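Listed here are the chains, written in short residue letters.
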Amino acid sequence: AEKMQEAVLIFSRIDTRGKGSITPEQLLGAVREMEEYVGTKVPKSGIKECLQCSRYLGHGGEVQFELFVALFGVDTGEAEAELDDAVDRARQTFDAIDVDGSGSLAFHELVAGLHRLDIQFDDDECKKMFAEVDEDGSGVIDFLEFCRLVGIVNIPRRIRRRFAVKTRDADQLVVEDEGEEVE
C-alpha cells in the first residue's frame, strides 16, 4: 500500500499536464524517483518494454499510470481499489462541506468546512489555494477540482462516471469535467 501511495504521488507530480500519462522523458525521472523509494533498480529492458507496450496500446509512446506502477510490481487492481476508496472519502468530505447542496463549493463553504475539520489556514492562504484549485475560473470548486485539492489526480473515466451530476438545463447526466452525456 505504501509503494502504491508513493507511486501515485510521484506520477501525479510528474504528470504536470494532468493527462493521466507521462512522456518517455518524464518516465525516466519518475523511475529514478521510484527506484530511490523502493531501493531497487528497474532494468533498462523493463523501461524499453514499458514504452513499447505504450505504443502498442495506442498511447503514442506516453506511459499511463498502470504501466508505470507495473514496472515496480504494484498490483493495478489494488491501485484501483485504493483510488476508489480515496475518491469515496473525498466525496463524503466534499458533500459534508457543500452545505447548500449545490454540488460546488463557494469560497465561504470551503473556509467553513476546513475550520469544521480543524484545518486552519489564514485568509490569504485560503484565497490563494482556492484560486489555484478553481482551474476553470468559475468562482466555485467542483468535485474534480476538490479532488485535486486533496491530492487525488488522474481519476479514470470509470470512476468519474460514478460521480455524474444532474445539469440544471436538462434531464441528462453529465460527467463532471468532461461535459459528455452518460447513457
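Residues numbered from 1 in each chain as written. Predicted model: local features only at pLDDT ≥ 70, side-chain atom pairs only at ≥ 80, totals over all residues. Heavy atoms only, no water.

1. What to know about the side chain of Thr23
Selection rule: Only DSSP runs of H or I covering at least 4 residues are called helices, and only runs of E covering at least 2 are called strands; the numbering of each starts at the N terminus. Buried means the residue's accessible area, taken with a 1.4 Å probe over protein chains only, is under 20% of the maximum for its type, while exposed means over 50%, and partly exposed covers the values in between. Throughout, a residue-residue contact means that at least one pair of heavy atoms, one from each residue, lies within 4.5 Å.
If you trace the backbone, Thr23 turns up in the loop between strand 1 (21-22) and helix 2 (24-38). Exposure remark for Thr23: the relative accessible area of 18% places this residue in the buried category. If sequence neighbours within four positions are ignored, Thr23 has contacts with Arg17 and Glu62.

2. Details of helix 1 (residues 2-14)
What counts is decided by this rule: Multiplying 1.5 Å by the residue count of a helix minus one yields the expected span of that helix. Throughout, the arc means that of the directions going from the helix axis to the C-beta atoms.
Spanning 13 residues, helix 1 covers 18 Å between terminal C-alpha atoms, matching the ideal 18 Å at 1.5 Å per step. Residues Met4, Ala7, Ile10, Phe11 and Ile14 constitute the buried set of helix 1. Each buried residue of helix 1 sits inside an arc of 130° when the element is viewed along its axis, so together they form one side.

3. Some details on a negative patch on the surface
Our working definition: Patch criteria: residues need more than 30% relative accessible area and no salt bridge. Like-charged residues are merged within 9 Å; nonpolar side chains of Val, Leu, Ile, Met, Phe, Trp and Tyr are merged within 5 Å. Only the protein chains shown count as covering a residue, and every accessible area follows the Shrake-Rupley method with a 1.4 Å probe. By salt bridge we mean one thing: a side-chain nitrogen of Lys or Arg within 4 Å of a carboxyl oxygen of Asp or Glu. Note on charges: Lys and Arg go in the positive column, Asp and Glu in the negative column, and His and the chain ends are not counted at all. Charge placement uses NZ in Lys and CZ in Arg. For Asp and Glu, CG and CD serve respectively.
A grouping of Asp122, Asp123, Asp124 and Glu125 is seen on the molecular surface, where their side chains present a negatively charged patch. Within the secondary structure layout, Asp122 lies in the loop between helix 6 (107-116) and helix 7 (123-133).

4. So, unusual backbone geometry
Despite not being glycine, Asp118 shows a phi value in the positive range, around 60°. When you line up the elements, Asp118 lands in the loop between helix 6 and helix 7.

5. So, the confidence of the model for the chain
Threshold: For every residue, the predictor reports its confidence as pLDDT, a number between 0 and 100.
The pLDDT averaged across the chain works out to 76; a share of 79% of its residues lies at or above 70. Mean pLDDT values over the elements of the chain span from 38, in strand 4 (residues 173-174), up to 88, in helix 6. In this model, residues 165-183 is a region of pLDDT below 50 whose contacts with residues beyond four sequence positions or in other chains number 35 contacts.

6. Description of the pattern of salt bridges
The tally for this structure, following the rule as stated, stands at 2 salt bridges. For Glu35, the salt bridge is made with Lys41, and the minimal N-O distance between the two is 3.8 Å. Taking relative accessible area as the criterion, Lys41 reaches 71% and is therefore assigned exposed. For Arg91, the salt bridge goes to Asp95, with nearest N and O atoms at 3.2 Å. In this pair, Arg91 and Asp95 are both assigned in helix 5 (residues 76-97), 4 residues apart and thus about one turn of the helix distant.

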